[in-house]
Structures are given as C-alpha cells and as structure tokens.
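Read off the chains here:
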Amino acid sequence: MSKIIIYDNKNILIADLDRTETIKKEDNMISTKYFAAYFEKYRLIHSFSLKKQLKKIEKIFKYHKEK
C-alpha cells in the first residue's frame, strides 16, 4: 500500500492507495484509456498557512511506518 499526497492552495489530501485500474474503451474506432485510483483511508487537512501544513505533514510521516 502506498501513500499519496494531493494539494492545492488551501487543502492537502493524504490517502492510502488501495489499488489502481486502467480501463480501455473503444468507441467508433477511437480507443480511450481511463485511469482510476481507489483509496482505503484518507485525511484532509485544511489550513491557510503553508508553514502549518508542512508541520502537519512532517508529523504524519515522522510516525508513519510501513508494514
């Protein structure tokens, strides 16, 4: 299981990745690939200060251990 971090100006999403899928669809001679990610657990951090966000992330990774 992997950790994934997605962030924008105000929010940080930290999630445990469960599995991924690639879906291929063909319609009228056009092939399209779709990628999907499924998450088991997630945490959304709201903060207005980047410094506060980084401190929270450091704490999470400091105590995180792989199984």
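For the structure given in this document, a descriptive report is provided here. (Residues numbered from 1 in each chain as written. Predicted model: local features only at pLDDT ≥ 70, side-chain atom pairs only at ≥ 80, totals over all residues. Heavy atoms only, no water.)

### Observations regarding a nonpolar patch on the surface
Right, so step 1: Residues Ile5, Tyr7 and Phe61 make up a contiguous nonpolar surface patch of about 320 Å² in total accessible area.
Right, so step 2: With respect to the helices and strands, the residue Tyr7 is situated in strand E1 (residues 2-7). (Patch = residues over 30% accessible without salt bridge, like charges linked within 9 Å, V, L, I, M, F, W, Y side chains within 5 Å. Areas by Shrake-Rupley, 256 points an atom, 1.4 Å probe, with all protein chains shown as cover. Salt bridge = Lys/Arg side-chain N within 4 Å of Asp/Glu carboxyl O. Helix = DSSP H or I, 4+ residues; strand = E, 2+ residues; numbered from the N terminus.)

### Quick notes on the pattern of salt bridges
Right, so step 1: A complete count under the given rule lists two salt bridges for this structure.
Right, so step 2: When the shortest N-O distance is used, the salt bridge between Asp16 and Lys3 registers 2.9 Å. Of the two residues, Asp16 is situated in strand E2 (residues 11-27) and Lys3 in strand E1; the sequence distance between them amounts to 13 residues.
Right, so step 3: Judged by its relative accessible area of 12%, Asp16 is buried.
Right, so step 4: For the salt bridge of Glu21 with Arg19, the shortest nitrogen-to-oxygen distance reads 2.6 Å.
Right, so step 5: Look at Arg19 and you get partly exposed, because its relative accessible area is 39%. (Buried < 20%, exposed > 50% of the residue type's maximum accessible area, 1.4 Å probe, protein only.)

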